[in-house]
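Structural overview for review
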Amino acid sequence: MTVWEVTVDLAVVGTGVAGLTAALRAAEFGLRVVAVTKTTVEDGNTRCAQGGIAVVLPGDQAPHGDSVDAHVVDTLTAGAGLCDEAAVRTILAAGPAAVNELRTHGAVFDGGWPDVHRTREGGHRAYRVIHAGGDATGAEIERALAGAARSRQLVLLEGQSVSEVLRDETGRVAGLALLDEQGGGVLRARAVLLATGGLGQLYAASTNADVATGDGVALALRAGALTADLEFVQFHPTALYLGAGSRGRQPLVTEAIRGEGAVLLDIAGDPVMTGVHPLGGLAPRDVVAAAITRRMAATGTDHVLLDATHLGSAQLRRRFPTVHAACASIGVDPACEPIPVAPAAHYQCGGVVTDTSGRTTVPGLYAAGEVARTGLHGANRLASNSLLEGLVMGRRAAEAVAADFPVSRCAGPPLPSHEVRPVADRDALQQAMSAHAGIGRDSAGLAAAAAVAGATTRRRIRTPHDAEDAGLTLAAAAVLAAAATRTESRGCHLRTDHPRPAKRWRRSIAVVLDDNGTPVPAEPALIGGVA
Ligand code: SIN
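Residues numbered from 1 in each chain as written. Predicted model: local features only at pLDDT ≥ 70, side-chain atom pairs only at ≥ 80, totals over all residues. Heavy atoms only, no water.

**As for the sheet that holds strand β5 (residues 129-130)**
An order of β3-β5-β4 is seen for the three strands of this open sheet, with the pairing classed as antiparallel. In the strand order of this sheet, the two ends are held by β3 (53-54) and β4 (118-119), each with one partner. In terms of strand pairing, β4 meets β5 through two bridges, oriented antiparallel. Within β5, the residue paired with Arg118 across the bridge is Ile130. (Pairing = 2+ DSSP bridges. Helix = DSSP H or I, 4+ residues; strand = E, 2+ residues; numbered from the N terminus.)

**Section: the site of the ligand**
Residues in close proximity to the ligand include Gln50, Gly51, Glu121, His236, Leu252, Thr254, Glu255, Arg285, His346, Arg381, Ala383 and Ser384, which together make up its full environment. A distance of 2.8 Å separates an oxygen atom of the ligand from a polar atom in the backbone of Gly51. Between an oxygen atom of the ligand and a side-chain N or O atom of His346, the distance comes to 2.6 Å. In isolation the ligand has 260 Å² of accessible area, and contact with the protein removes 94% of it. Across the shell around the ligand, the residue classes tally to two nonpolar, six polar and four charged. (Near = heavy atom within 4 Å. Polar contact = N/O pair within 3.5 Å; in protein donor to acceptor, adjacent residues only side chain to side chain. Areas by Shrake-Rupley, 256 points an atom, 1.4 Å probe, with all protein chains shown as cover. Nonpolar A, V, L, I, M, F, W, Y, C, P; charged D, E, K, R; others polar.)

**Quick notes on the pairing of strand β22 (residues 510-513)**
Bridge count between strand β11 (residues 227-228) and β22: two bridges; the pairing is antiparallel. Within β22, the position partnered with Ala228 by the bridge is Ala510. When β22 meets strand β23 (residues 519-522), the two strands line up antiparallel, connected through four bridges. In the sheet register, Val512 faces β23, and the bridge partner there is Val520. Where β22 hands over to β23, the hairpin turn is made up of five residues, of which Gly517 adopts a positive phi near 80°.

**Some thoughts on unusual backbone geometry**
If a residue is not glycine, its phi is most likely negative; likewise, a peptide bond is most likely trans. The amide bond that connects Trp113 to the next residue, Pro114, takes the cis arrangement and shows omega of 10°. Summarising the element assignment, Pro114 is placed in the loop between α4 (95-104) and β4. The phi dihedral of Ala80 falls on the positive side, at around 55°, and the residue is not glycine. Tracing the sequence through the fold places Ala80 in the loop between α2 (68-78) and α3 (85-93). When its relative accessible area of 25% is taken as the criterion, Ala80 is described as partly exposed. (Buried < 20%, exposed > 50% of the residue type's maximum accessible area, 1.4 Å probe, protein only.)

**Side note on the nonpolar core**
Counting 54 residues, the largest nonpolar core has Leu10, Ile53, Leu102, Phe109, Ile130 and Leu193 as its most contacted members. Broken down by secondary-structure element, the contributors of at least two residues to this core are β1 (2-13), α1 (17-28), β2 (33-36), α3, α4, α5 (137-151), β9 (183-194) and α11 (385-404). Among the elements that make up this core, the one with the highest residue count is α11 (ten residues). If near-sequence neighbours (up to four positions away) are discounted, Leu10 is found in contact with Ala26, Arg32, Val33, Val34, Ala191, Val192, Leu193 and Val401. (Core = buried A, V, L, I, M, F, W, Y, C linked by side-chain atoms within 4.5 Å. Contact = heavy atoms within 4.5 Å.)

**As for the packing of aromatic side chains**
On inspection of all chains with the given rule, the structure shows two aromatic pairs. The positively charged end of Arg120 is found above the aromatic ring belonging to Tyr127, 5.8 Å away from the centroid. Geometry around Tyr347 places Arg381 over its ring, the cationic atom sitting 3.9 Å from the centre. (Phe/Tyr/Trp six-rings, centres within 6.5 Å; stacked < 30°, edge-to-face > 60°. Lys NZ or Arg CZ within 6 Å of the ring centre and 35° of its normal.)

**Quick look at the sheet that holds strand β17 (residues 351-353)**
Spatial strand order, β19-β17-β11-β22-β23: five strands in an open sheet with mixed pairing. Unpaired on one side and paired on the other, β19 (372-373) and β23 mark the two borders of the sheet. The strands that helix α14 (residues 464-485) touches are β22 and β23; relative to β23, the one it contacts most, it runs at about 40°. (Axes fitted to C-alpha atoms, helices over the stretch in contact; angles between N-to-C directions.)

**Focus on the packing of helix α12 (residues 426-436) against α14**
It is the contact of α12 with α14, at a shortest axis distance of 11 Å, that shows an interaxial angle of 25°. The orientation of α12 with respect to α14, classified from their angle, is roughly parallel. The handedness of the crossing between α12 and α14 is left-handed. In this structure, α12 contributes Arg426, Leu429 and Met433 to the contact, and α14 contributes His465, Glu468, Asp469, Leu472, Thr473, Ala476, Val479 and Leu480. A class-by-class count of the residues in the contact of α12 with α14 yields six nonpolar, two polar and three charged. (Parallel < 35°, antiparallel > 145°, perpendicular 65-115°, else oblique. Left-handed = near helix turned anticlockwise from the far one by under 90°.)

**Side note on the packing of α1 against α5**
Running from N to C, α1 and α5 point in directions that differ by 30°, and their axes come no closer than 10 Å. Taken together, the axes of α1 and α5 are roughly parallel relative to one another. Of the two possible hands of crossing, α1 and α5 adopt the one that is left-handed. Across from Val17, Leu20, Thr21 and Leu24 in α1, the residues of α5 making contact are Ile141, Glu142, Leu145, Ala146, Ala148 and Ala149. Counted by class, the contact of α1 with α5 contains eight nonpolar, one polar and one charged residues.

**Details of the side chain of Asp135**
In this fold, Asp135 is placed in the loop between β5 and α5. Reaching out from Asp135, the side chain makes a polar contact with the side chain of Thr322 at a distance of 2.5 Å. At 2.9 Å, the side chain of Asp135 and the backbone nitrogen of Val323 are in polar contact. With residues up to four places along the chain from it excluded, the contact list for Asp135 reads Ala49, Gln50, Thr254, Arg319, Phe320, Pro321, Thr322 and Val323.

Have a look at this one:
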């Protein structure tokens, strides 16, 4: 067991948009910061983001006719009654400053500044999504932030998995238990920021990178933190269809293509979204994914078609190079034929409960980005609000750590305590989650999936893979506990046995660990701003 001699002020877990933004900001405050990633800095989920950053920039009132208030309304509408309006307002209003900060790190947006190009995505009633590299916004953000981190010589610990957030005898965060292929180690830290991203890999097919295994939710639950809104797993309506039963990461076909006129058709060539929603193919994502799922069931197929042929070859290659290349890799020319697409697990709308400064319910533990539940997304995230949230909340979490720092102390690091953990079979779990905890859930299916998540063996956590498996198992059980409790349909939680929203469920469901380490619903009154 290696115990690092230095006690850092802040250990950031995850090096995506929120993690690197936080680490850079913390360094500006003179904090000793280390950013830890289980892979490499460039290998996270941020680089998979295509569409862009939803932001109302100064000057957008005219000629674009937009406003932060209008963005707030669209976010609340998509969130289906569960957003925390105060959180929505403060996060969206902080967008322009966060984007400017990103530009100072070298990010370049399409169209040039200030005449940056704006597009639309599902649920947005205005053209307010800025993008980079056509459909490679996440890659550009990752490039800029990683470049800034390296040029400022931030300490980046790559290839280190976190198996536990360590706490001292008072319950305050004291560091991290780390694992790599050679063994374990302890990093002492006065504060820990979870910026681990989402949990798409809980499902058999997901748009997420392989790293998105729900680590942060599991770490936070084990550290005693409150989580909420976990049942709201957003399915992206249009992942590239790779064939029947395709597993693992599915290439994304950005919603921005629909923003630029592409149309969803069923296998017989009939429009999918006609008469479904006033915004048609640009309805909020939950509505589109559900409509596709219904149409696939009605036509007995496992995919639909996205017709983008009107854009033509040159425009598709220039504006959507990532999508074009993914289509080419399966022999589809989107200029000449419709793109086969199907919904796939995409985004965790809930997560570790934080205030709008990134503080969790555990002293010294902070969370930002997809892993956190700030109240911005409610029951269904508005497209492209997540990169914005990562930028704003990464920055704020670092500022909160700096503000809290004078009162924080750090006792000696306890040794990792939970080296044996329950682990379910990953493959069986992913299949069960896709079969029973996707779009269209019912109590029998959720119970069947919970049985798979509960069919665990106790495994000594010796390798990063063991730690991931244990995290996946716990995160799945937590999602299932929340989904079984919510006996209604709302946002991306669609239950076939409770098909309508119920007034009494217009509140968040919090999940904590009980004394046996089982995720259970907690008192809703514990969640600030919502209950
Ligand atoms: C997309 O480009 O369609 C995805 C953007 C997002 O998930 O916000």
